[in-house]
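Here's the letter readout for the chains.
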Amino acid sequence: MDVRRLAVATTGFCTFLNLYAPQALLPELAREFGVEAADISSMITAGTLAIALTAPFTGAAADVLGRKRLIMAAMFAVTVPMVMVTLASDVQAIVVWRFVQGLLLPPIFTVALAYIGDEWPPAEIAGVAGIYVAGSSMGGFCGRFIPGVLADLVGWRAAFLALAALGLAGAVLVAVLLPRERRFVRSEGFRASGMQMLRHLRNPQLVATYAVGFGVLFNFIAIFTYVSFHLAAPPYDFSPTLLGALFLTYLVGTLSAPLTGRAVMRFGRRGFMIGVIAVWAAGLALLLAPPVAVIVLGLSLCAGCGMLCQATSTGYVTASAHEGRSSAIGLYVSAFYVGGSVGGYLAGVAWNQAGWLAVVALSAAVLAIMGTIVTFVWSARPA
């Protein structure tokens, strides 16, 4: 077994373990602090906004400073704001610590993706990126499910403290298993890295992929944030444990993402993405049905297709950027999390105006734009 793959999966796991931890608890936290749904969702958007602001600069720094040292420093440091959240007395303090947490996440996953592009042969990049995304989806599931269960048993503060301990254990594992980079080519300096970043923005394939990444997290944040409010309200009245259990649907992504490499090689990157987006649209339609079982099926399709799109897109970025891979990934991550922040805000507006139907319609419109970009801009060359 290549232990590097386990280490890479663990970086994704720890990132998303932290990032979406409050999501299943948002209805309960809104009641405890006496705020509206759109206000409490700022706990999510604070983290995604911080990532969007810092990811490109993190990538440029990693192209100068190297890979593993940045990954490890961030993985240990990110446990501190998670602990501080447990001590917060109001929503504003939680949002501040969530923003700080977001600032520390890009050195983990941005640099890990660049590490994949550096250390594996081109034919294996999509497959290893799929393993990373599988770890990410498992982390996203645990980050939502564990607090949901523990909140009912010991309270949300103890739940977040448990996540901090789990993240610390993951940092130790990566420190032991991930070797220092061997094929890393250092940029000549921060100015040279910045010029590489500007050249990435003149690459139409990269820019199109950044737009797709924007849409992927836009839809994830919109759907998986406001489905909690949809199902916490009558006639469903889900508890935090049941809301956390909804994120079992993330395991569909965990199982499917490692198959991305084979699927891309067989069907071509563009053809595969068009098919995945079509299935994703069908999943969105199922979310409008009243039965819980049908909603869960729709969420499963959305989770699986979203993870496949993410794995395919990140693999395409690392394969398309022939220099400054960290800064190329940083720009993708920035677009990805800007999409998440915008999705969280606009979905909140849609929810306040017209409820769940408006949120799903908004996501469907963004998905149609993604499909158009892939169809008409992505290269049809074999992967």
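What you see is a predicted model; the values in this text were computed from it and never measured. (Residues numbered from 1 in each chain as written. Predicted model: local features only at pLDDT ≥ 70, side-chain atom pairs only at ≥ 80, totals over all residues. Heavy atoms only, no water.)

*Asks:* Is there a simple way to think about the environment of Gly-330 in this case?
*Replies:* Relative to the helices and strands, Gly-330 resides in helix α18 (residues 325-354). In the structure, Gly-330 is positioned 43 residues away from Leu-287 in sequence and 32 Å away in space, judged by C-alpha atoms. For Gly-330, the residues in contact, after removing those within four places along its chain, are Ala-55, Pro-56 and Thr-110. (Helix = DSSP H or I, 4+ residues; strand = E, 2+ residues; numbered from the N terminus. Contact = heavy atoms within 4.5 Å.)

*Asks:* How should I be thinking about the packing of aromatic side chains in this particular structure?
*Replies:* Geometry of an aromatic ring pair is reported as the spacing of the ring centres plus the angle between the planes. For the structure on display, the rule yields 18 aromatic pairs. Summarising the aromatic geometry, the rings of Phe-33 and Trp-156 are spaced 6.3 Å apart at their centres and angled 65° between planes, so their arrangement reads as edge-to-face. Of this pair, Phe-33 sits in helix α2 (residues 26-33) while Trp-156 is found in helix α10 (residues 156-177), placing the two residues 123 residues apart along the sequence. The class for Trp-156 is buried, based on a relative accessible area of 4%. Through a chain of ring-to-ring contacts, the aromatic side chains of Phe-16, Tyr-20, Phe-109, Tyr-210, Tyr-332, Phe-336 and Tyr-337 assemble into a single cluster. In this arrangement the basic side chain of Arg-4 is found over the ring face of Trp-120, its NZ or CZ atom lying 4.1 Å from the centre. (Phe/Tyr/Trp six-rings, centres within 6.5 Å; stacked < 30°, edge-to-face > 60°. Buried < 20%, exposed > 50% of the residue type's maximum accessible area, 1.4 Å probe, protein only. Lys NZ or Arg CZ within 6 Å of the ring centre and 35° of its normal.)

*Asks:* I tried to follow the packing of helix α1 (residues 3-19) against helix α9 (residues 122-154) on my own but got confused; where do I start?
*Replies:* The description of two packed helices rests on the angle between their axes and on the distance between the axes. The N-to-C vectors of α1 and α9 enclose an angle of 40°; their axes lie 7 Å apart at closest approach. Here α1 runs over α9; the crossing is right-handed. Contact with α1, carried on its side by Arg-5, Val-8, Ala-9, Thr-11, Gly-12, Phe-13, Phe-16 and Leu-17, involves Glu-124, Val-128, Ile-131, Tyr-132, Gly-135, Ser-136, Met-138, Gly-139, Gly-140, Cys-142 and Gly-143 of α9 and no other residues of that element. A per-class count over the contact of α1 with α9 returns 10 nonpolar, seven polar and two charged. (Axes fitted to C-alpha atoms, helices over the stretch in contact; angles between N-to-C directions. Left-handed = near helix turned anticlockwise from the far one by under 90°. Nonpolar A, V, L, I, M, F, W, Y, C, P; charged D, E, K, R; others polar.)

*Asks:* Would you explain empty space enclosed by the protein in this entry?
*Replies:* Rolled over the atoms, a probe with the dimensions of a water molecule shows which regions are left empty. Across all of its chains, the model carries two cavities of 30 Å³ or more by this definition. There is about 180 Å³ of room inside the largest cavity. Along the walls of the largest cavity sit 19 residues, with Phe-16, Ser-136, Met-307, Gln-310 and Phe-336 positioned nearest its centre. Of all the secondary structure elements, the ones that give two or more residues to the lining of the largest cavity are α8 (106-119), α9, α12 (204-232), α17 (292-320) and α18. Residues belonging to the lining of the largest cavity are distributed by class as follows: 15 nonpolar, four polar and no charged. Of the volumes computed, that of the second largest cavity is approximately 40 Å³. If you trace the second largest cavity, you find it lined by Ala-21, Pro-22, Leu-29, Met-43, Met-82, Val-85, Ile-94, Arg-98 and Phe-160. Of all the secondary structure elements, the ones that give two or more residues to the lining of the second largest cavity are α6 (79-85) and α7 (91-104). (1 Å grid on protein atoms, 1.4 Å probe; cavity = no way out; pocket = protein on both sides within 12 Å on 5 of 7 lines; lining within 4 Å. Points joined across faces, edges and corners; volume = space filled by probe spheres on them.)

On their own, these measurements won't tell you what the molecule is for.
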